[in-house]
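# Fold and contact review
These are the residues of each chain, in order.
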Amino acid sequence: MEEKKINIKDLLSKEKTRNILIIVGIVAVGLIFISSQFTSNSQEKTQNNFSTEEYRATLSQEILTMVQSIEGTGNAKILLTLENSYEYIYLDDDETLQKVIEPQIRGVVVTCSGGDSAVVCEQVKELLKTALNIPSSKVCVKKLQ
């Protein structure tokens with residue numbers, strides 16, 4: 001039995017084979033381009049969700065620092081809840097970002113060592129009302145056990 005060796009030069013010299021390879025290459029590049037478009041959209045949504053959690057964590061840490069700076073609060077813990085996540089407003093073309101709306105605060109709970117003092121509670125509430133622009137009904141201050 002005689003073996004036939006396939007020579008790449010012979011294959012590439014055939015016009016039909018060359019055309020098929022060119023078409024396959026163009027289709028592959030097109031598929032890569034399309035998949036990168038879908039990947040960037042899903043990554044953007046993931047980043048948006050992550051940035052909401054990052055926003056909550058950063059704001060909680062800043063609140064904790066401010067609360068602990070009030071005389072008499074002592075050790076403190078913060079629970080911050082958000083009403084929603086970031087909202088992205090786009091123009092009619094759905095590509096141009098016009099505005100980003102930060103999450104709204106649902107409420108803040110502060111537990112601190114000095115939470116049994118009416119003066120400390122009032123100072124903490126005033127601080128949070130001013131810093132976060134929320135009503136005192138959204139702030140709860142209790143003694144840390």
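Our subject in this report is the structure included herewith. (Residues numbered from 1 in each chain as written. Predicted model: local features only at pLDDT ≥ 70, side-chain atom pairs only at ≥ 80, totals over all residues. Heavy atoms only, no water.)

### Quick word on the environment of Thr65
Relative to the helices and strands, Thr65 resides in helix 2 (residues 15-68). For Thr65, a relative accessible area of 45% corresponds to the partly exposed category. When the C-alpha atoms of Thr65 and Ala76 are compared, they prove to be 9.1 Å apart, with 11 residues separating the residues in sequence. (Helix = DSSP H or I, 4+ residues; strand = E, 2+ residues; numbered from the N terminus. Buried < 20%, exposed > 50% of the residue type's maximum accessible area, 1.4 Å probe, protein only.)

### So, a negative patch on the surface
A surface patch of like charges, here negative, comprises Asp92, Asp93, Asp94 and Glu95. Along the chain, Asp92 falls in the loop between strand 2 (87-90) and strand 3 (97-101). (Patch = residues over 30% accessible without salt bridge, like charges linked within 9 Å, V, L, I, M, F, W, Y side chains within 5 Å. Areas by Shrake-Rupley, 256 points an atom, 1.4 Å probe, with all protein chains shown as cover. Salt bridge = Lys/Arg side-chain N within 4 Å of Asp/Glu carboxyl O. Lys, Arg positive; Asp, Glu negative; His and termini not counted. Charge placed at Lys NZ, Arg CZ, Asp CG, Glu CD.)

### Focus on the pattern of salt bridges
Counted according to the given criterion, the structure contains three salt bridges. Here Glu83 makes a salt bridge to Arg106, at a shortest N to O gap of 3.5 Å. Of this pair, Glu83 sits in the loop between strand 1 (76-82) and strand 2 while Arg106 sits in strand 4 (residues 105-112), and the two are 23 residues apart along the sequence. On the basis of relative accessible area, Glu83 is assigned to the partly exposed category, the value being 45%. For Arg106, a relative accessible area of 45% puts it in the partly exposed group.

### Some remarks on the nonpolar core
Ranked by size, the top nonpolar core spans 23 residues in total, and within it Ile105, Val108, Val110, Val124, Leu128 and Leu132 carry the most contacts. Looking at this core, the elements that each hand over two or more residues are helix 2, strand 1, strand 4, helix 3 (118-132) and strand 5 (139-143). The element that contributes the greatest number of residues to this core is helix 3, accounting for six residues. In this structure, Val124 is in contact with Val67, Ile70, Thr73, Val110 and Val141, ignoring residues within four places of it in sequence. (Core = buried A, V, L, I, M, F, W, Y, C linked by side-chain atoms within 4.5 Å. Contact = heavy atoms within 4.5 Å.)

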